Amino acid sequence: MTPVGSAHSVRAADTLTRDALAVLQPGFTGTTAPDWLLRRLDEGLAAVGLFGRNITDPAQLAALTGQLRGAREDVLVAIDEEGGDVTRLEVRGGSSFPGNHALGAVDDTALTRGVARELGRRLADCGVNLNWAPSADVNSNPANPVIGVRSFGADPRLVARHTAAYVEGLQSAGVAACTKHFPGHGDTAVDSHHDLPRIAADLPTLQGRELVPFRAAVAAGTRAVMSAHILLPALDGDRPATLSPAALHGLLRAPADEGGLGFDGLIVTDGMEMQAISATFGIERGSVLAIAAGADAICVGGGVADEDTVLRLRDALVRAVRDGELPEKRLADAAARVRALARWTRSAGAGEGAAPAPGIGLTAARRALRVTTGGRPYEPLTGPAHVAAFTPLANIAVGDDTPWGVGAELARLVPGTETAAYSAESAARAGTRALIDGLLTAAGGRRVVAVVRDVHRHPWMADALDALLTARPDTAVVEMGVPQAPPRGALHIATHGAARVCGQAAAETLTGRTPGHGT
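Cut-off values and rules
Residues numbered from 1 in each chain as written. Predicted model: local features only at pLDDT ≥ 70, side-chain atom pairs only at ≥ 80, totals over all residues. Heavy atoms only, no water. Salt bridge = Lys/Arg side-chain N within 4 Å of Asp/Glu carboxyl O. Helix = DSSP H or I, 4+ residues; strand = E, 2+ residues; numbered from the N terminus. Buried < 20%, exposed > 50% of the residue type's maximum accessible area, 1.4 Å probe, protein only. Axes fitted to C-alpha atoms, helices over the stretch in contact; angles between N-to-C directions. Parallel < 35°, antiparallel > 145°, perpendicular 65-115°, else oblique. Left-handed = near helix turned anticlockwise from the far one by under 90°. Contact = heavy atoms within 4.5 Å. Nonpolar A, V, L, I, M, F, W, Y, C, P; charged D, E, K, R; others polar. Pairing = 2+ DSSP bridges. Core = buried A, V, L, I, M, F, W, Y, C linked by side-chain atoms within 4.5 Å.

*Asks:* Describe the pattern of salt bridges, with residues and values.
*Replies:* Tallied over the full model, the rule gives 36 salt bridges. In this structure, the salt-bridge partner of R453 is D85, at a minimum N-O distance of 2.8 Å. In this pair, R453 is assigned in the loop between β12 (447-452) and α18 (459-471) and D85 in the loop between β3 (76-79) and α4 (100-106), connecting sequence segments 368 residues apart. Here the two residues R453 and D85 agree in accessibility, since each one is buried. Among the ionic contacts, a cluster of salt bridges with common partners joins R253, D264, D296, R330, D333 and R337.

Given below as structure tokens:
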């Protein structure tokens, strides 16, 4: 005989488990969906995160998202596709779109809206309906090791208007925007992939600087906001924003008349496997605290991408509800927000009617160039060059799988051009003088093009560039990071990013194939 109430208990347990799965946004390995992932989608998992390792080309990506929708029709398929330096669609070739810093340098919101719409159209064509972008961080600290060219700039008002334009453009293509990294990762000198950054700014500074772009994103209708793993004592002295009720419930959700942003959409965490969380709270405890604090979706899968992680997080959430640590209503509300976003993406039409604009990325990259001559006429390259790429260590968000620079694009225009990479390790091992002597020997009689990235943050790079310019004043310099250092070289090109199209635009200017945009 069945005990009274057991059917209700089974249903309740099933609902709780489905809600716990619904708030997860896990990753996986491979270019087809593994069986375990398809099973969990059937059991209540409502979202999947894709990374460069999952993508080879648009046809394969469309087949993969079709496979996911075969298991769950309304699945949210998320991706970290900022364009520029952070690309997953074109991880092995470089992006067809410049990133935020280039768009901010142009400062044409119609262009930003058009770039985001075309990027969204391409994502929608491949079956992706949630983009963990744009970055709304104000680049207020030039030493920032993880934001840099991912920011539209250092002026909060500029960042705000381009964040809003980006959100509008992306969502007009039927792809939900996820504005990040709330409440602002720009004033940090620490990468939260590695440690827990601390921002000492007081609340009035945050309101007048970091929060300005997020208010604009909310006003523009951003469907999601991603939290940052940063400690802001002005809000919460103990927990990073991702785990802080004061940051998520008390600031992001609070009504405007109470000093909040009044956001009612989906709150997504940054990757929970990042050291700022995993090394301090652990991903299971961190996930429970995040949902309790007001987050609705747990992003995990960039660094850990297996079924065991999904099950551990599911079980941790279920256990927290049963132990009274996490209110069941809070978990149910979070799951409901996930499902509501899935409904929006289906009603938004997945980019139907978005006219293709295939050349807009290159147009934007060309307009973003800032070209300075060294006081004498620059003779365009007509023969093979030696490209010296001074290469910093890539941060985790960018990764080291995506090529960058001008060498490949320059070689297409001037066959015979060769590229050699020089790193901090090689500079330390050989010494600056020996490194430059070797560079000049390799160059021979060819013109030298020095490619740098955030030269202001890397003393070894600045020293090497000084020595090179002393020996070869006719060297052209291409800065593909934040152009914080004064322009140097016979020709100096600031691209405001290292996307493939930025390299193409720079190569065109080096060879005189298109007019440069001078300063």
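Still to come is the rest of the account.
*Asks:* Outline the packing of helix α14 (residues 360-368) against helix α19 (residues 500-510), supporting the account with residue identities and numerical values.
*Replies:* The contact between α14 and α19 brings their axes to 8 Å, and the two run at 55 degrees. In terms of their interaxial angle, α14 and α19 are classed as oblique. Helix-helix and strand crossings are classified by hand; for α14 and α19 the assignment is right-handed. Listed contacts from α19 to G361, L362, A365 and R366 of α14 are V501, C502, Q504, A505 and E508. Split by residue class, the contact of α14 with α19 holds 5 nonpolar, 2 polar and 2 charged.

*Asks:* I'd like to hear about unusual backbone geometry, residue by residue, with values.
*Replies:* Note the cis peptide between K180 and H181, where omega equals 0 degrees. In this structure, H181 sits in strand β5 (residues 176-182). The phi angle at D454 is positive, at roughly 60 degrees, despite the residue not being glycine. We classify D454 as buried; its relative accessible area is 10%. Positive phi, close to 65 degrees, is recorded for H496, a residue that is not glycine. What makes H496 buried here is its relative accessible area of 8%.

*Asks:* Can you explain the sheet that holds β12? Please cite residues and give values.
*Replies:* Whether parallel or antiparallel, the strands of a sheet pair through hydrogen bonds between backbone atoms. Taking strand neighbours across the sheet as the criterion, the 6 strands line up as β9-β14-β13-β12-β10-β11 in an open arrangement whose pairing is mixed. The open sheet terminates on both sides in strands that have one partner only, identified here as β9 (370-373) and β11 (418-423). Going across the sheet, the axis of each strand differs from the next one's by a mean of 20 degrees, ignoring polarity. Bridge count for β9 against strand β14 (residues 491-494) is 4 bridges, and the pairing is antiparallel. When the bridges of β14 are listed, T372 appears paired with H492.

*Asks:* Pulling in residues and values, what's your account of the nonpolar core?
*Replies:* Counting residues in each nonpolar core, the largest one holds 111 residues, and the members touching the most others are L24, L50, L68, W132, F182 and V268. Ignoring anything within four residues of it in the chain, the contact list for F182 reads L211, F214, V225, M226, S227, A228, A241, A247, L248, L251, L252 and L261.

*Asks:* With reference to specific residues and values, describe the sheet that holds strand β4 (residues 130-131).
*Replies:* Overall, parallel pairing links the 6 strands, which are arranged β2-β3-β4-β5-β6-β7 in an open sheet. Taken across any chain shown, the strands that pair with only one partner, and hence form the sheet edges, are β2 (47-50) and β7 (266-269). Across 2 bridges, the pairing between β3 and β4 is parallel. Bridging from a neighbouring strand, A78 pairs with L130 of β4.

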